[in-house]
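# Report on the structure
Listed below are the residues making up each chain.
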Amino acid sequence: MPKIKFNWDPAKSEKNIIKYEVSFDEAASIFKDPLALYYDDIEHSQKEKREFVIGRSAARERLLTCFMVRTEDTVRIISARTSTHRERQNYDENAEIGS
């Protein structure tokens, strides 16, 4: 499996840290979570196909939700934040332990 490359707008990354206290570097770590859940982001896919992923970050071991656009070998992170109660509940109910 090819290694995933990440990119993002540095200015947007800084704004994300101020607004949500989540760096895009930390957000990128959730893609290593084997239990991460991926969804189509239909609400924000008018101009391009967007997705979001709910997964556990490596550094701070907190559940994050990351909005992104995926191409063949690159993920462009758009925003990331701590998961909502409903998203955490969804992760707990649907992530298969030991997968």
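Everything discussed here concerns the structure shown above.
Residues numbered from 1 in each chain as written. Predicted model: local features only at pLDDT ≥ 70, side-chain atom pairs only at ≥ 80, totals over all residues. Heavy atoms only, no water.

We now examine the packing of aromatic side chains. This structure, assessed with the given rule, holds 5 aromatic pairs. Through pairs of rings, three or more aromatic residues link up here, namely Phe6, Phe31 and Tyr38. (Phe/Tyr/Trp six-rings, centres within 6.5 Å; stacked < 30°, edge-to-face > 60°.)

Of all 8 residues in strand S4 (residues 63-70), 7 are buried, a share of seventy percent or more. Across 6 bridges, the pairing between strand S3 (residues 51-56) and S4 is antiparallel. Within the sheet, the bridge partner assigned to Val53 lies in S4 and is Cys66. Counted between consecutive antiparallel strands, the loop separating S3 from S4 contains 6 residues, among which Glu61 sits at a positive phi close to 50°. (Buried < 20%, exposed > 50% of the residue type's maximum accessible area, 1.4 Å probe, protein only. Helix = DSSP H or I, 4+ residues; strand = E, 2+ residues; numbered from the N terminus. Pairing = 2+ DSSP bridges.)

Core analysis: the biggest nonpolar cluster contains 14 residues, and Ile30, Phe31, Val53, Cys66, Ile77 and Ala80 have the highest contact counts within it. Setting aside residues up to four positions removed in sequence, Ala80 forms contacts with Asn16, Tyr20, Val22, Phe24, Ala27, Thr65 and Cys66. Of all hydrophobic cores here, the second largest spans 8 residues; its members include Leu37, Phe52, Phe67 and Tyr91. (Core = buried A, V, L, I, M, F, W, Y, C linked by side-chain atoms within 4.5 Å. Contact = heavy atoms within 4.5 Å.)

As for its placement among the helices and strands, Val53 is situated in strand S3. Each C-alpha atom, one on Val53 and one on Ile42, is 13 Å from the other, the two residues being 11 residues apart in sequence. Not counting the four nearest positions on each side in its chain, Val53 is found in contact with Ile30, Phe31, Ala36, Leu37, Tyr38, Leu64, Thr65 and Cys66.

Enumeration according to the criterion identifies 7 salt bridges in this entry. Of the charged contacts in the structure, one is a salt bridge between Glu26 and Arg62, with a shortest N-O distance of 2.8 Å. One end of the pair, Glu26, is in helix H2 (residues 24-28); the other, Arg62, is in the loop between S3 and S4, and 36 residues separate them in sequence. Owing to a relative accessible area of 8%, Glu26 belongs among the buried residues under this scheme. Overlapping salt bridges bring together Glu48, Arg50 and Arg76 as one network. (Salt bridge = Lys/Arg side-chain N within 4 Å of Asp/Glu carboxyl O.)

Note that every value here comes from positions in space, so none of it alone points to a role or purpose.
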